[in-house]
Amino acid sequence: MRTMLDQLISLLPNGPVALARIVDATGPGPRETGAAMVVTAEETVFGSLSGGCVESAVLESARQVLDGAPPVIDRFGYADGVGFEVGLTCGGEIEVCVELVDIDRMPLLLALRTEVMAGNPVALVTTLNAGNDWKLLRPDDSEPWHGIDQDAKALLAAGHSGVVGAEECDTEQNPRPRAFVQVFAPPARMILAGANDFVRALSRTGRQLGYRVTVVDARETFATATRFPSAHEVVVDWPHRYLAAEHEAGRLDERTVVCVLTHDSKFDVPLIAAALRMPELAFVGVLGSRRTHAERAEHLRAAGVTDAELARLHSPLGLDLNARTPDETAISIAAQILAERGQASARPLSSTDGPIHR
């Protein structure tokens, strides 16, 4: 929708339009979550959702909402390309929300455009089963909203669009409506040092959580895009030198996660020391045994790292899940990152009380 924002604002003075957005997507697909298509009362179409696979069906839903029908949720799955069924030949699945947008939405859209142009993180939250309310959500927003404001802010913090809330919404028993959180901000970064099976597993998990994943290792033979297909980028460089350059360029922030999985002190120590001296980083962790941690801590102190800086280091990395395989270890690490990000206890929910979603 980012690319359609100016178009949408320019059309509204001429009358209501139908706005169709991909609110959920699984598997391969031609467009990402948040992609938008706008249809005017004259059936002029701007934008696309699938490159032609489902537009005709969405156009029919747009006609309905322009004629006064309530918002429509369309779901499209696989179509084999030889029959008459409307669907995606690529094999993915998408969910599309089609709703009426009129001049009453203009103040919110103008405010959204101002935030986007300023480069500020912001989200447009739309309820999908409770009247299609809209809210412009900023990181410092503390006003409760339909009981989903904290879930929406978690997605905003991660820089990741997605759906929150529940499919069945009852104002008394389940007041948390299902809602689409469209985030207008770069995703949070996850920087993984190393080029091994644990890095490959964690790069996959990190990407599923919405992080922009970078794998960095100085060994050109091992650090290849083929070996790490889930990473957004694979960098051949000394990890500490890469991190320093990214810091100098201003590409690290308070959401950035750094995990060291190299098991080699000549890579580990300079990188960990550099990371611990960057107070804006959200999380710094390193994989290894307790004995390795104790030895590494002595090397870090010898390199000038203070005890206060060492206190920021998550080592040994991960929660106690008795994880052994790379995939199990990735889940253990990701769970710890989520707990730290959400200031949660990481205890079993059965042993806690109070609301699950705080």
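Here, residues in each chain are numbered from 1, in the same order as that chain's written sequence. For a predicted model such as this one, the threshold for reporting local features is a pLDDT of at least 70, and the threshold for listing and counting side-chain atom pairs is 80 or more; totals across whole chains, interfaces and linings nevertheless cover every residue. As a convention, hydrogens and water are excluded, and side-chain values are obtained from all of the structure's heavy atoms.

Under an unreviewed UniProt entry, the protein has the name XshC-Cox1 family protein and belongs to Nocardia arthritidis.

Turning our attention to the packing of aromatic side chains. Centre distance within 6.5 Å is the pairing criterion for rings of Phe, Tyr and Trp, where only the six-membered ring of Trp is used; planes under 30 degrees apart are then read as stacked, over 60 as edge-to-face, and the remainder as tilted. Tallying each qualifying case throughout the model produces one aromatic pair. Look at NZ for Lys and CZ for Arg. If either is within 6 Å of the ring centre and within 35 degrees of the ring normal, a charge sits over the ring. In this arrangement the basic side chain of Arg105 is found over the ring face of Trp134, its NZ or CZ atom lying 4.3 Å from the centre. Across from the ring centre of Phe228, 5.9 Å away, lies the NZ or CZ of Arg200, which sits over that ring.

Before going further, it helps to spend a moment on the pattern of salt bridges. Salt bridges are identified by distance alone: a Lys or Arg side-chain nitrogen within 4 Å of an Asp or Glu carboxyl oxygen. For the structure on display, the rule yields 21 salt bridges. Across the salt bridge formed by Lys266 and Asp264, the nearest N and O atoms sit 2.7 Å from each other. Exposure classes here rest on a 1.4 Å probe applied to the protein chains alone. A residue is buried below 20% of its type maximum, exposed above 50%, and partly exposed in between. On the accessibility criterion, Lys266 (46% relative accessible area) is partly exposed. Look at Asp264 and you get partly exposed, because its relative accessible area is 22%. The salt bridge partner of Arg301 is Asp307, with a shortest N-O separation of 3.0 Å. Taking the relative accessible area as the measure of exposure, Arg301 reaches 38% and is therefore partly exposed. Through salt bridges with shared partners, one network takes in Arg189, Glu233, Glu246 and Arg251.

By domain assignment, the protein separates into domain 1 (4-183) and domain 2 (189-342). Throughout, the edges of the domains are those of an automatic or database domain assignment. Each of domain 1 and domain 2 was reduced to a C-alpha centroid, and the two centroids are 35 Å apart. Working rule for contacts: check all heavy atoms of both residues, and any pair within 4.5 Å makes them a contact. If you look at the interface, domain 1 gives six residues, while domain 2 gives four residues. Interface of domain 1 and domain 2: buried area, both sides summed, is about 380 Å²; carbon and sulfur atoms make up 46% of it. Counting the surface domain 1 buries against domain 2, the share from its top three residues, Ala157, Ala158 and His160, is 80%. Summed over the shared surface of domain 1 and domain 2, the number is zero salt bridges. A 3.5 Å cut-off defines polar contacts: any pair of N or O atoms within that distance qualifies, except that in protein one atom must be a possible hydrogen donor and the other a possible acceptor, and neighbouring residues in sequence count only when both atoms are side-chain atoms. Our enumeration of links across domain 1 and domain 2 arrives at one residue pair in polar contact (both at pLDDT 80 or more). Under the scheme applied, nonpolar residues are Ala, Val, Leu, Ile, Met, Phe, Trp, Tyr, Cys and Pro; charged residues are Asp, Glu, Lys and Arg; polar residues are all the others, including Gly. Grouping the amino acids of the side of domain 1 that touches domain 2 by side-chain chemistry returns four nonpolar, two polar and no charged. Two parts placed together each lose some accessible area; with a 1.4 Å probe, that loss summed over both constitutes the buried area.

On to the sheet that holds strand S4 (residues 72-76). Two strands qualify as a pair provided DSSP detects at least 2 bridges between them. A run of H or I in DSSP becomes a helix once it reaches four residues, and a run of E becomes a strand once it reaches two; helices and strands are each numbered from the N terminus. Read from one edge to the other, the open sheet built from five strands follows the order S3-S2-S1-S5-S4, with strand pairing classed as antiparallel. Two strands bound the open sheet, and with one partner strand each, they are strand S3 (45-47) and S4. Looking at each pair of strands side by side, their axes are set apart by 20 degrees on average, direction ignored. As paired strands, strand S1 (residues 17-26) and strand S2 (residues 36-39) are joined by four bridges and run antiparallel to one another. Paired with Ala18 across the two strands is Val39, which belongs to S2. Working convention: axes come from line fits to C-alpha atoms, limited for helices to the stretch in contact. Angles between N-to-C directions cover 0 to 180 degrees.

The next point concerns the UniProt feature "domain: XdhC Rossmann" (unreviewed entry) in the protein. UniProt positions are given in the numbering used here, feature names are shortened, and annotations may be inferred rather than shown by experiment. In the numbering used here, UniProt assigns the "domain: XdhC Rossmann" (unreviewed entry) feature to residues 190-337. Overall, residues 190-337 shows 43% helix and 16% strand. The separation of its end C-alpha atoms is 10 Å.

Let's shift gears to unusual backbone geometry. The omega torsion of the bond from Ser315 to Pro316 falls at -5 degrees, within 30 degrees of zero and hence cis. Secondary-structure assignment places Pro316 in the loop between strand S15 (313-314) and helix H10 (326-341). Located in the positive-phi region is His263, a residue other than glycine, with phi close to 60 degrees. Position of His263 relative to the elements: it lies in the loop between strand S13 (257-260) and helix H7 (265-276). By relative accessible area, which is 48% here, His263 ends up partly exposed. At Gln343, a position not held by glycine, the phi torsion is positive, near 50 degrees. Along the chain, Gln343 turns up in the segment after H10.

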